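Residues per chain, in single letters:
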Amino acid sequence: MHLRFDGSLGFGGGEVDEQLAGVSLQQGQLVTVKAIQRELEEEINFDGAKHQIDQSNYLYSTVQKDTRRGVELVLHFYAYQVSSVEIFEIEKRSLDSCEHGRENLGNVRVPLYTMTANRGFPVFIKNRFAGSALSTLLFFLIHYGVMTKEEIQAAKIATTN
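Note that the structure is predicted; figures quoted are calculated from it, not measured.

A. Looking closely at the overall build of the protein. Scanning the protein from terminus to terminus reveals five helices and seven strands. Its helices and strands taken in sequence order, the protein reads β-β-α-β-β-α-β-β-β-α-α-α from the N to the C terminus. For a compact globule of 161 residues, the expected C-alpha radius of gyration is about 15 Å, and the protein comes in at 17 Å, within 12% of that figure. Taken over the C-alpha atoms alone, the protein extends approximately 50 × 35 × 30 Å along its principal axes. Across the 161 residues in the protein, those meeting the buried criterion constitute 33%.

Below, the structure is given as C-alpha cells:
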C-alpha cells in the first residue's frame, strides 16, 4: 500500500487509456495487464522485467461509482507475491519512481499484529482509505491466509471500543 496524494491509503492503479469497446475478453485482459505494468512502473518503479504480472495474478473485478466525476469505474484487482527480500528492493526502487512525491507519497507496511486495541492492525484500519482499498486489503489478507476472518473481525470490534 502507499500513502496517496490525497492523504488516503491505497494501492497503485490508474485508468486504462485504450478503448475496450468491441474488443475480445482476451484482448481486454492484455490491455489491462499492460496498463497495470505501466502504472506500477510509474508509481513504484516496479521492475516489470524481473516481476512479470499476467492474467494469472488476477483476483477479482468490481464496479465502483466515482461520485466526483459522475461515472462508474470497473476496478480490476491483481496480486503478485514477493519475498521479504524482494519487497525491500521494491520499496527502495519506489523512491526513484516518476510519481514519488506526487501520486505516491510513500509506501506503507500494514502492521499484521495486534498488541492492544490501540496498537497494530486495529488502529491501522481506522485510517482513511481510498475507494475500496480497505475492503480489498481485507480480501487479500484472508485470500492469502495472512489473517483469518475472525482475526479481522476482532480487529474491527477492537476499534469500536
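B. Quick look at the pattern of salt bridges. Here the structure, examined in full by the defined rule, presents six salt bridges. Note that aspartate 6 is salt-bridged to arginine 4, the shortest N-O span being 2.7 Å. Ionic pairing is found between lysine 50 and glutamate 89, a salt bridge with its closest N-O pair at 2.9 Å. Taken together, the residues lysine 50 in the loop between helix H1 (25-44) and strand S3 (58-66) and glutamate 89 in helix H2 (residues 84-94) connect sequence positions 39 residues apart. Among the residues examined, lysine 50 registers a relative accessible area of 45% and is labelled partly exposed.

C. Inspection of the environment of arginine 102 at higher detail. Its location among the elements puts arginine 102 in the loop between H2 and strand S5 (104-107). For arginine 102, a relative accessible area of 54% puts it in the exposed group. Separated by 62 residues in sequence, arginine 102 and leucine 40 place their C-alpha atoms 14 Å apart.

D. How the structure looks around the pairing of S3. Relative to strand S4 (residues 71-78), S3 is paired through eight bridges, and the arrangement is antiparallel. Note on S4: the bridge partner recorded for lysine 65 is glutamate 72. Where S3 folds back on S4, the antiparallel hairpin that results is connected by four residues, among which glycine 70 adopts a positive phi of roughly 70°.

E. The arrangement of the environment of glutamate 43 in detail. When you line up the elements, glutamate 43 lands in helix H1. In this structure, the C-alpha to C-alpha distance between glutamate 43 and arginine 102, residues 59 residues apart in sequence, is 9.1 Å. Setting aside residues no more than four positions away along its own chain, glutamate 43 makes contact with His2, Gly12, Gly13, Ser97, Glu99, Glu103 and Asn104.

F. Expanded view of helix H4 (residues 133-143). Every buried residue of H4 is listed here: Ala133, Thr136, Leu137, Leu138, Phe140 and Leu141. Just beyond H4, the residue with positive phi is glycine 145, at close to 70°.

G. Just the sheet that holds S5, in detail. Taken in spatial order, the three strands of this open sheet run S2-S1-S5, and their pairing is antiparallel. The open sheet has two edge strands, strand S2 (9-10) and S5, and neither has a second partner. Pairing of strand S1 (residues 2-4) with S2 involves two bridges; the strand directions are antiparallel. From the neighbouring strand, leucine 3 faces S2, where its bridge partner is leucine 9.

H. Quick peek at the packing of aromatic side chains. Under the defined criterion, the tally for this structure stands at seven aromatic pairs. A centroid spacing of 5.4 Å and a plane angle of 75° characterise the contact between tyrosine 58 and tyrosine 78, whose relative ring orientation is edge-to-face. Taken together, the residues span a long stretch of sequence, with tyrosine 58 in strand S3 and tyrosine 78 in strand S4 at a distance of 20 residues. The exposure class assigned to tyrosine 58 is partly exposed, which follows from its relative accessible area of 32%. A relative accessible area of 15% places tyrosine 78 in the buried class. An aromatic cluster is built from Phe11, Tyr60, Phe77, Phe139 and Phe140, whose rings are joined through pairwise contacts.

Each value, and the rule that gives it
- Residues numbered from 1 in each chain as written.
- Predicted model: local features only at pLDDT ≥ 70, side-chain atom pairs only at ≥ 80, totals over all residues.
- Heavy atoms only, no water.
- Helix = DSSP H or I, 4+ residues; strand = E, 2+ residues; numbered from the N terminus.
- Rg over C-alpha atoms; globule rule 2.2 N^0.38 Å.
- Buried < 20%, exposed > 50% of the residue type's maximum accessible area, 1.4 Å probe, protein only.
- Salt bridge = Lys/Arg side-chain N within 4 Å of Asp/Glu carboxyl O.
- Pairing = 2+ DSSP bridges.
- Contact = heavy atoms within 4.5 Å.
- Phe/Tyr/Trp six-rings, centres within 6.5 Å; stacked < 30°, edge-to-face > 60°.

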